[in-house]
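The lines below spell out each chain.
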Amino acid sequence: MRGNGPKREITGTVVKVLGHRRDDAGMSLAPFASRCVRAGEVHELITTTHDDPAPGAVVDEVGYLVFAEIGRAGVIDRGDEVWIGTKLLGRVLGFGTCHLPDHYDIVVHNARTITGEDVHLRPEQELRFRSY
């Protein structure tokens, strides 16, 4: 399920590039199709080949992309495209909340489990969440 109605594009900046992966993460997807984010917050982006967005679905195979600072507040919806620089890295599958109140894990579906190092990301690159 996706939120309805038009919305602004959310932008941000990569603050740390990650390069590790796990096949036993045991992350449980939160029961939310969307989350509000505020300017200045830092959240972690994670890729997975897992494609079931059901609440409570367990995501084991993950690649860690980046920590990014939100520069423009808004609403991130399941299904939003995730862009860093000129690279489309996938679509938002869901959210992990195990690190709250520190940060969300924003789980991004991709055909491959990739890390930020795999795709040569850099600090200060622009992050964008776009509705489709």
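Shown above is the structure to which this text applies.
Residues numbered from 1 in each chain as written. Predicted model: local features only at pLDDT ≥ 70, side-chain atom pairs only at ≥ 80, totals over all residues. Heavy atoms only, no water.

Caption draft 1: Looking closely at the overall build of the protein. Tallying secondary structure elements over the protein gives zero helices and twelve strands in all. Along the protein, from the amino end to the carboxyl end, the secondary structure elements read β-β-β-β-β-β-β-β-β-β-β-β. Relative to a compact globule of 132 residues, whose C-alpha radius of gyration would be 14 Å, the protein shows 13 Å and is just as compact. Principal axes of the C-alpha set define a box for the protein whose edges measure 35 × 30 × 30 Å. Taking all 132 residues of the protein together, the buried fraction comes to 45%. The contacts in the protein between residues at least 6 apart in sequence include a share of 78% that link residues at least 24 apart. As displayed, the protein has an accessible area near 6600 Å², and 49% of this comes from carbon and sulfur atoms. Computed over 16 positive and 19 negative side-chain charges, the separation of the two mean positions in the protein equals 6 Å. (Helix = DSSP H or I, 4+ residues; strand = E, 2+ residues; numbered from the N terminus. Rg over C-alpha atoms; globule rule 2.2 N^0.38 Å. Buried < 20%, exposed > 50% of the residue type's maximum accessible area, 1.4 Å probe, protein only. Contact = heavy atoms within 4.5 Å. Areas by Shrake-Rupley, 256 points an atom, 1.4 Å probe, with all protein chains shown as cover. Lys, Arg positive; Asp, Glu negative; His and termini not counted. Charge placed at Lys NZ, Arg CZ, Asp CG, Glu CD.)

Caption draft 2: Looking closely at the pairing of strand E12 (residues 126–130). Sheet topology places strand E1 (residues 10–17) next to E12; four bridges connect them, and they run antiparallel. When the bridges of E12 are listed, Ile-10 appears paired with Phe-129. Judged from the four bridges that link them, strand E9 (residues 81–84) and E12 form a sheet pairing that is antiparallel. For Trp-83, the partnering residue across the bridge sits in E12 and is Arg-128. (Pairing = 2+ DSSP bridges.)

Caption draft 3: Quick look at the environment of Tyr-104. Examined against the element boundaries, Tyr-104 turns out to sit in the loop between strand E10 (87–96) and strand E11 (105–109). Every residue in contact with Tyr-104, bar those within four places of it in the chain, is listed here: Arg-35, Cys-36, His-43, Glu-44, Gly-96 and Thr-97.

Caption draft 4: Examining unusual backbone geometry more closely. Phi at His-120 is positive, roughly 60°, even though this residue is not glycine. Assignment of secondary structure puts His-120 in the loop between E11 and E12. Unlike most non-glycine residues, Glu-124 shows phi in positive territory, near 80°.

Caption draft 5: How the structure looks around the packing of aromatic side chains. A full pass over the atoms with the stated rule returns one aromatic pair. Against the face of Phe-32 rests Arg-35, its NZ or CZ located 3.6 Å from the ring centre. It is Arg-130 that lies over the ring of Trp-83; its NZ or CZ is 5.2 Å from the centre. (Phe/Tyr/Trp six-rings, centres within 6.5 Å; stacked < 30°, edge-to-face > 60°. Lys NZ or Arg CZ within 6 Å of the ring centre and 35° of its normal.)

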